[in-house]
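Structural description and commentary
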Amino acid sequence: MATSTHNRSSSATSHSKNSKGKPLIIIEAPGKLSKLRHILGDDYLIQASGGHIRELANDGDEQLGFDLVGNQVQCRWEARGSRGKQAIAQLREAAKHAQSVILATDEDREGETIGWHIAQALGLKTVQRITYREITPAAVRAAIAHPRPIDLNLVHAGICRSVLDKLVGYRGSPLVWKLNNGAKSIGRVQSATLHLVVERELQIRNFKPQDYWSCYVDYKEGFRAFYHRGGSNSTSTEDLADDAADPADKKVPESDRVLSQAEADRLIQFAQQYPHGVVSIEGKTVNRTPPAPFTTSTLQQVAGSKLRFSPEQTMQIAQGLYEKGIITYHRSDSTYLSPEFVQSVRNWLSSHDPTNLPQKVTQHKSGKNAQEAHEAIRPTDVHRSSESLKAELDADAFSLYVMIWKRTVASLCQPARIRQTRIITQSGDVQWQARGQVVEFEGFAKYWRSLGQDAELPIVQQGQALNLERAAHEKKQTQPPPRYSEAQLVALMERKGIGRPSTYAPTIQTLKQREYVSIIKSKLQPTAVGEQVDLFLVQALPKLVDVGFTAEMEASLDQIASGELSWEQWLTRWNRDYFAPALEQARKVIPNYASEAPVGKTPDVSDTECPQCQKLMIQLPSKKVRKGFFLKCQGCESVMFWSDRTSTWEAPQAKSKQSEGSPAKLTEHVCPVCKKPLEEYGYQKDGQQKVMLRCSDAKARQQKKHEGAGYFQTSNGFWSPKFGELGSEQSGKALIPTAKRQPLGKSRSRRH
């Protein structure tokens, strides 16, 4: 990121020297710069903010950066780290020399909020706001020709989400820290999603399998029929399209379930004893409607099931395709396609596949919260050859693009036509059933395979005698519900109304990073820590893990975005009536769930003795160190880290050269435990003078709760094994280390 920022700075400087008096267009992602400059040439100066440039300050009560006063929310904003400061300085300098400023941040709620922050930071009096769905000459120039004001309703919804998430994270996460199990955070969407995963795990754990038997007969005429109790006369063998379905989870045909071996034996005996004949033949032709074009959710689901991409990986690849101008904006909950694009696909079909061109355009219904002014995720040019794109894209990007192209074209094709057949046979008073289907016309399935395999039945006549070849049964067991894949969890989040298109991927990523869930054989499984956090929240903050309650919050944010609800009144009432009293109750529950020792795997004991007390040290996992773990003494709790230089374990600090009589130098950073200033502490290691930051209160440093509160100097700044990186980008502010400053797990960068 540092390299791209530097390059962007140099590029911005050279552009501003040659573009005095030109309009300045400010976008979010630097990846779009090249394509937009190619489209607009030298007529405009174009710069990127790199996403968010401001955030809520870390000051005030519990470092929330805002105050809830009556029915008002008083927010304080600051630059988002050193990158935010640099971006603001560059944009201010460019705006001074610009003829006008055009804000072209992304069209969603978050993009509108970023645009507002830019306008505020630059002190813009006149704001021109534009949005475009695709980075093509026609779309970009049309947007510039029709600017609009900033939509403050969307901004208010974006601010409300930021305040709400920080309120829940900063006030709620300290509760789970006291569980002493390594739990790092709770979150508005995060905790409800974790509850879904844990709930499924409990269903699996409590599942009691039952035996059953599947009975069938094979006929010499060339087909198999399964035991059928009678009743339904449906001939449908249609499998509902499931974008999140795992291709490995294929349904195997079986009979109506028989619950005892004695009954199964009786049925097979009947089949062997009595002659068989055709009782009825039913058949009909059904049409299968084309699937809708992709939304963010369905794209993540299909990419997960077909390409094995994680939701985060899917969005990263889609971001690159969007920035190259190859697909439309990849955050959308709408299935709408513009009339111009629909006509271009119809022209393509007319030239390449005329039999698949329907007389009327298929209309696909979007979700109830979808914004119909937005478009589905689609190619920008359906006529572009795959050969040219294959040379331009890597393998993963090309696979995702082809999938988007096929789905989009399929959505505008003819329905598929399927002939379905059902044959009922009988032996004695026992009926048997065979189902088959044949695709008579592929229609959309020529591009989007979702119809299943053909299973053609032979031609027989009603009343015809049949020749039994074999009668048998197979013992089976009922299976527990499967764990969710990432794609299936995205589908469930969408169905339950938890989160929105931009939050599905980062929410699941947060659960993985917090080590609340792990991936086992491509399925999500809660860890011991994740289960304990959920158990605690179910008792302490039950509404926060209730999917209905979380969905109501999302619906309220949507109402704010449409101007139907005052964000400040809603948020202050939500805190006053629910969250504040709920926290008070939750604090009373903590002693019932706090552990004396971390929950989960018992730490491995190393063969290294503590240099202080000679007890064997234990291995504690850490992603921050090269070896993957560090050593901690079980007695005096000293720690040691591996040194590649000496190939030995070493203490983090050796004899100090800091004179005992000289006062320590206080910093503007604060201790993560007691909030007193951190002091610089010099020491020698490997013959080199080094500096660490530690609590300036000598007595407090001896307390057990201060363990690990020291920050060691690394090439990337200061770092603590317990609290993570020190947020040195906010020099001059009271800081919380990175590991606890982001309780909701929101990514600090956006669309980079």
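Everything numeric in this text was worked out from a predicted model, so none of it was measured. (Residues numbered from 1 in each chain as written. Predicted model: local features only at pLDDT ≥ 70, side-chain atom pairs only at ≥ 80, totals over all residues. Heavy atoms only, no water.)

**Observations concerning the overall build of the chain**
For clarity, the threshold we go by: Helix and strand assignments come from DSSP, with helices taken as H or I runs of at least 4 residues and strands as E runs of at least 2, each series counted from the N terminus. Each residue is placed in one exposure class: buried if its accessible area under a 1.4 Å probe, protein chains only, is under 20% of its type's maximum, exposed if it is over 50%, and partly exposed if it falls in between. In what follows, a contact means two residues having at least one pair of non-hydrogen atoms within 4.5 Å. To be clear on the numbers: accessible area is Shrake-Rupley with a 1.4 Å probe, and residue cover counts the displayed protein chains and nothing else.
Broken down by element type, the chain carries 20 helices and 28 strands. When the 752 residues of the chain are sorted by exposure, 51% land in the buried category. Here the analysis covers contacts within the chain between residues at least 6 apart in sequence; of these, 70% occur between residues at least 24 apart. A total accessible area of about 35,700 Å² is found for the chain, and carbon and sulfur atoms account for 48% of it.

**Points about the pairing of strand β11 (residues 276–288)**
Filter applied, for reference: Pairing between strands is defined by DSSP: at least two bridges between them are needed.
In terms of strand pairing, β11 meets strand β12 (residues 416–427) through twelve bridges, oriented antiparallel. Among the inter-strand pairings, T285 is bridged to a residue of β12, identified as R419. Bridge count between β11 and strand β14 (residues 465–466): two bridges; the pairing is antiparallel. Bridging from a neighbouring strand, H276 pairs with L466 of β14.

**Focus: the pairing of strand β9 (residues 211–219)**
Of all nine residues in β9, eight are buried, a share of seventy percent or more. In this sheet, strand β15 (residues 468–477) lies alongside β9 in antiparallel orientation, the contact comprising nine bridges. Residue C215 lies in a different strand from β15, and its bridge partner there is H473. As paired strands, β9 and strand β10 (residues 223–228) are joined by four bridges and run antiparallel to one another. What sits directly across from Y216, in β10, is F226. Here β9 hands over to β10 after three residues, with G222 in that stretch at a positive phi of 105°.

**Considering unusual backbone geometry**
Unlike most non-glycine residues, E62 shows phi in positive territory, near 55°. Structurally, the position occupied by E62 is in the loop between β3 (54–56) and β4 (66–69). The phi torsion at S522 lies on the positive side, around 70°, for a residue other than glycine. Its place among the elements puts S522 in the loop between β16 (517–520) and β17 (523–526). Judged by its relative accessible area of 43%, S522 is partly exposed.

**As for helix α9 (residues 296–306)**
Of all the eleven residues making up α9, ten are buried; the element is thus mostly covered by neighbouring parts of the structure. Residues of α9 that are buried include every one of T296, S297, T298, L299, Q300, Q301, V302, A303, G304 and S305, and no others. Buried residues along α9 sit against α10 (311–323), α13 (395–411), α14 (486–496) and α15 (504–513). Looking at the residues trailing α9, positive phi occurs at R308, about 65°.

**Things to note about the pattern of salt bridges**
Let me state the cut-off plainly: Any carboxyl oxygen of Asp or Glu within 4 Å of a side-chain nitrogen of Lys or Arg constitutes a salt bridge here.
For the structure on display, the rule yields 36 salt bridges. A salt bridge links R419 to E440; the shortest N-O distance between them is 3.1 Å. Residue R419 is located in strand β12, and its partner E440 is located in strand β13 (residues 430–441); the two are separated by 21 residues in the primary sequence. The exposure class of E440 is partly exposed, given its relative accessible area of 40%. In this structure, R449 engages E442 in a salt bridge whose closest nitrogen and oxygen atoms are separated by 2.5 Å. Salt bridges sharing common partners tie together R161, D165, R188 and E554.

**As for the sheet that holds β14**
Let me state the cut-off plainly: Lines fitted to C-alpha atoms define the axes, with helix axes restricted to the stretch in contact, and inter-axis angles between N-to-C directions lie between 0 and 180 degrees.
An order of β14-β11-β12-β13-β10-β9-β15 is seen for the seven strands of this open sheet, with the pairing classed as antiparallel. If you trace the sheet from one side to the other, it starts and ends with β14 and β15, each paired once. Against the sheet, helix α8 (residues 261–273) contacts β9, β10, β11, β12, β13 and β15, and its axis sits at roughly 170° relative to β15.

**What to know about helix α6 (residues 152–177)**
For the record, the criterion: The span expected for a helix works out to 1.5 Å for each residue beyond the first. We call two N or O atoms a polar contact when they sit within 3.5 Å, provided that within protein one can donate a hydrogen and the other can accept it, with sequence-adjacent residues counted only if both atoms are side-chain atoms.
The terminal C-alpha atoms of α6 lie 37 Å apart, and with 26 residues this matches the ideal 38 Å at 1.5 Å per residue to within 8%. With 19 of 26 residues buried, α6 lies mostly within the body of the structure. The backbone nitrogen of N153 has a side-chain oxygen 3.0 Å away, supplied by the residue at the start of α6, namely D151.

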